[in-house]
Amino acid sequence: MSEQAIRAVWLYPELMNVYADRGNVIALRARCAEHDVECEVEHLELAGELPDDADLVLIGGGQDREQRRVAPDVQRHAARLREWHEGGVAFLAVCGGFQLFGDGYRTARGEELPGVGLFDVTTVAPPPGAERCVGDVLAETDLDGIGEVVGFENHAGRTYLGPGVRPFARVHHGWGNNGVDGTEGAVAGSALGTYLHGSLLPRNPRVTDWLIAAALRHRYGPEASTADAPPEGAYAARARAAAATAARERGRTPAD
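Once a new chain begins, its residue numbering starts again from 1 and follows that chain's sequence as written. Where local features are concerned, this predicted model is filtered to residues with pLDDT of at least 70; where side-chain atom pairs are given and counted, the filter is 80 or more; whole-chain, interface and lining totals use all residues. Derived side-chain values reflect all non-hydrogen atoms in the structure, with water molecules and hydrogen atoms excluded from consideration.

Caption draft 1: Structural detail: the pattern of salt bridges. The working definition used for a salt bridge is a side-chain nitrogen of Lys or Arg within 4 Å of a carboxyl oxygen of Asp or Glu. The tally for this structure, following the rule as stated, stands at 16 salt bridges. The closest approach of N and O atoms between arginine 31 and aspartate 209, which form a salt bridge, is 2.7 Å. With a gap of 178 residues between them, arginine 31 in helix H1 (residues 22-34) and aspartate 209 in helix H6 (residues 205-220) connect regions that are remote in the sequence. Each member of the pair arginine 31 and aspartate 209 is classed as buried. Helix numbers and strand numbers start at the N terminus; a helix is a DSSP run of H or I with at least 4 residues, a strand a run of E with at least 2. Residue burial is assigned from relative accessible area. The probe radius is 1.4 Å, only protein chains are included, and a residue is buried under 20% of its type maximum, exposed over 50%, and partly exposed in between.

Shown next as structure tokens:
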């Protein structure tokens, strides 16, 4: 039996789960097993209640329709989620989830969806006819032990970082947050927001390791850590290499 364990909470898996975001939860469980860390995953659906505690919270992306449905329920839990964040709980918020965990999102209809406020970022839908931000991404992060990151993005909204906000990565190929400033996602403490969908953790085991380490620190204290990181599997290495090649060959560069 594993000596260490973490509890993850997956928010709205039936609604906020486009472009393989379920893959992040599958990869988390698999990587935890490689670290000999037990991983319990609880689901929160609309009108449900958060558990008493968590070490890691995950939310995926959704279309504007799903975000409208989810936004009021997210606000119902906003104070607890902010309290968890301040207490060191790790977060992975992807695409629409990233937008809802920022300061707010203005939809194409002009609706203002309030955010949780974990990230000091604002998101606005572009004017009609604007190009979507779609394709393979190759970026570089300065988070410890990670380096190059690959993934897939598909979003219309443009996200802008507040003053002093740390981006998750700098884009070499792809759109990133807004296609102009070269930033991708945001980091606030142990919370990671990104536009890279459910291929993120399967293709980037070191990002998964970063989240697991943060969750373990929350559960067991600042000295907690995983054992030496197991090598990434051959499938993950090939998938990342293929995605990096695709991004270099077909991806745009910021401000193209």
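Caption draft 2: View of the sheet that holds strand E6 (residues 112-114). A pair of strands is considered paired only if DSSP assigns at least 2 bridges between the two. Judged by pairing direction, the sheet is mixed, and its four strands sit side by side in the order E6-E5-E7-E10 without closing on themselves. Each edge of the sheet is formed by a strand with only one pairing partner; in this case those strands are E6 and strand E10 (158-161). For this sheet, the mean angle separating the axes of adjacent strands, direction not counted, is 20°. The pairing of strand E5 (residues 104-106) with strand E7 (residues 121-124) spans three bridges and is parallel. Among the inter-strand pairings, tyrosine 105 is bridged to a residue of E7, identified as threonine 123. Residues are treated as being in contact if the distance between any of their heavy atoms lies within 4.5 Å. Axis definition: a line fitted to C-alpha atoms, limited for helices to the stretch in contact. Angles are taken between N-to-C directions and run from 0 to 180 degrees. Contacts from helix H2 (residues 64-76) reach E5 and E6, with the element oriented near 40° to E6.

Caption draft 3: Fine view of the sheet that holds strand E3 (residues 56-59). Here six strands make up an open sheet; going across it, the order is E2-E1-E3-E4-E14-E13 and the pairing mixed. In the strand order of this sheet, the two ends are held by strand E2 (37-44) and strand E13 (186-188), each with one partner. Direction aside, neighbouring strands of the sheet carry axes that sit 15° apart on average. Bridge analysis of strand E1 (residues 4-11) against E2 gives eight bridges, and the strand direction is parallel. Each residue of the ladder has a partner; that of arginine 7, found in E2, is glutamate 40. Helix-sheet contacts for helix H3 (residues 78-86) involve E3, strand E4 (90-94), E13 and strand E14 (191-194), and the interaxial angle to E4 is about 125°. The strands that H6 touches are E1, E2, E3, E4, E13 and E14; relative to E1, the one it contacts most, it runs at about 110°.

Caption draft 4: Structural detail: unusual backbone geometry. Residues other than glycine seldom take positive phi values, yet tyrosine 12 does so here, at roughly 55°. Along the chain, the position of tyrosine 12 falls in the loop between E1 and H1. On the basis of relative accessible area, tyrosine 12 is assigned to the buried category, the value being 1%. Backbone geometry places aspartate 36, a non-glycine residue, at a positive phi of 60°.

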